[in-house]
Amino acid sequence: RFLAFGLGLSVTALEGDGRLAGAAQRFDGELLRELNKPGGAANEGTPPRRHRHRRRHHPPLTPRGPRHVAGRLDPAAPWGEFLLPPDPPGPNPAVQNPLRGGGSGAGRGALVTGLHACGDLSAALLRHFARSPSVAAVASVGCCYMKLSEPPAEPPGYPLSSWVAALPGHRLSYRAREGACHALEGYAARLKGGDASLRAHCYRAVLETLIRAGDPSKKRPGVQTVKKAHALTFPQYARLGLPRVGLDPAALPLDSAAVGAMLEQQHKVVAFFSLALLLAPLVETLILLDRLLYLREQGFQCALVPLFDPRFSPRNLVLVAARAPLGEVLAGLEEDSEEEEEEGDAAGGAGPPGEGQN
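Summary of the structure given here. Every chain is numbered on its own, with residues counted from 1 as its sequence reads. Side-chain atom pairs in this predicted model are given and counted only at pLDDT of 80 or more, local residue features only at pLDDT of at least 70, and totals for whole chains, interfaces and linings cover all residues. Note that water and hydrogens are dropped before the side-chain values are worked out from all heavy atoms of the structure.

1. Looking at the packing of helix α3 (residues 120–130) against helix α10 (residues 266–297)
- Orientation of α3 relative to α10, taken along the N-to-C sense of each, is 10 degrees, at an axis distance of 11 Å. Regarding the angle of α3 to α10, the classification is roughly parallel. Between α3 and α10, the residues in contact are S122, L126, R127, F129 and A130 and R291, Y294 and L295, respectively.
- Considering only residue class, the contact of α3 with α10 consists of five nonpolar, one polar and two charged. Only the stretch in contact is used when a helix axis is fitted, and all axes are lines through C-alpha atoms; the angle between N-to-C directions ranges over 0 to 180 degrees. The way it works is that DSSP assigns letters per residue, a run of H or I at least four long becomes a helix, a run of E at least two long becomes a strand, and they are numbered from the N terminus. Each angle receives one of four descriptions, namely roughly parallel if under 35 degrees, roughly antiparallel if over 145, roughly perpendicular if within 65 to 115, and oblique otherwise. Only heavy atoms matter for contacts: two residues are in contact if any of them lie within 4.5 Å across the pair. We call Asp, Glu, Lys and Arg charged. Ala, Val, Leu, Ile, Met, Phe, Trp, Tyr, Cys and Pro are nonpolar, and the rest, Gly among them, are polar.

2. Notes on the packing of aromatic side chains
- Two aromatic rings from Phe, Tyr or Trp, using only the six-membered ring of Trp, form a pair when their centres are within 6.5 Å; if the ring planes differ by under 30 degrees the pair is stacked, by over 60 it is edge-to-face, and anything between is tilted. This structure, assessed with the given rule, holds six aromatic pairs.
- With centroids separated by 6.2 Å and ring planes inclined at 40 degrees, the aromatic side chains of F234 and Y237 adopt a geometry described as tilted. Of this pair, F234 and Y237 both sit in helix α8 (residues 234–241), three residues apart, roughly one helical turn.
- Relative to F312, the ring of F308 lies with its centre 5.5 Å away and its plane at 80 degrees, an arrangement referred to as edge-to-face.
- Across the ring face of F129, the terminal group of R323 is positioned such that the distance to the ring centre comes to 4.9 Å. Note on geometry: a ring has a charge over it if NZ (lysine) or CZ (arginine) is within 6 Å of the ring centre and within 35 degrees of the ring normal.

3. With respect to the packing of helix α6 (residues 184–193) against α10
- Where α6 meets α10, the closest approach of the two axes is 10 Å, and the angle between their N-to-C directions is 150 degrees. It follows from the interaxial angle that α6 and α10 lie roughly antiparallel. The element α6 and its partner α10 pack so that their crossing is left-handed. On α10, the residues touching L184, Y187 and L191 of α6 are V270, F273, S274, L277, L278 and P281.
- Taken together, the residues of the contact of α6 with α10 sort by class into eight nonpolar, one polar and no charged. For any helix crossing, the convention is left-handed if the near helix is rotated counterclockwise from the far helix by under a right angle, and right-handed if that rotation is clockwise.

Shown next as structure tokens:
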């Protein structure tokens, strides 16, 4: 939306869930109505709040919104037919590749962007970029590394590069990939402050122990997050969590001495989780360097850019690649960053991390 409304660029947004694509269109409609009201941003030259201290002129927001396409990406399909019908179907069942002539973003100037593209979606975007001459560049921010497929899956989400695939012992366990998704910076702040929410880690560990005792086949039960778990007693937490994996809380001893003994080990759970988080950046670095090496093996200019403060989002490393030299582009990013820092200092300091970012 910033690229479309803020910069007036031609943007096509792809969404695998037809309902979400429809909701995004409705949201855009509401935004357009606000912009077109008397005194709205489309009628004034007032820059957004986070830009007001900059010296350069910023034009008003434009009424050019993104085009929303409902469809799922097929990682094995040719670039010209990479979209599958959405699930569930959206209001527009005819799905066409927006980069295959006539669509928004068509042509050699197209940039493919995946922001927090989950699991294999990041790998699929990089593969499509590598084999599509109609795409000039790609910017990728990964997410949910534990959902990456590995051999014998074809094509695998990890490893992508031939170099990493040839390394002995390059395989990553599910636990290692899952740990790479956690936020080291945020957890360090919680440890320093003795945050009560740390109790939730022990609750989760005890609950998984009970789940495996009740059903040994559930090795990775995937219990959805229970809101404000640390404010609950463990029996309250378990009564909310167990039904989510198909187990009856009444059939399991929630107040037994064994459960109490496990809950007393909270300090060990926190210590274990802290050690795992110390290794998380190492695992994420391996996954991201594998992607960078894959693009270099294909002959592309590419770089990993730490684009913003990881306290705003732990997935702050953006993989960028282009068919043309990246030097001028990256130099421009550095100049913009330095200018913003100087202007922030002149204005009495910058705002909180990530203010105004999307």
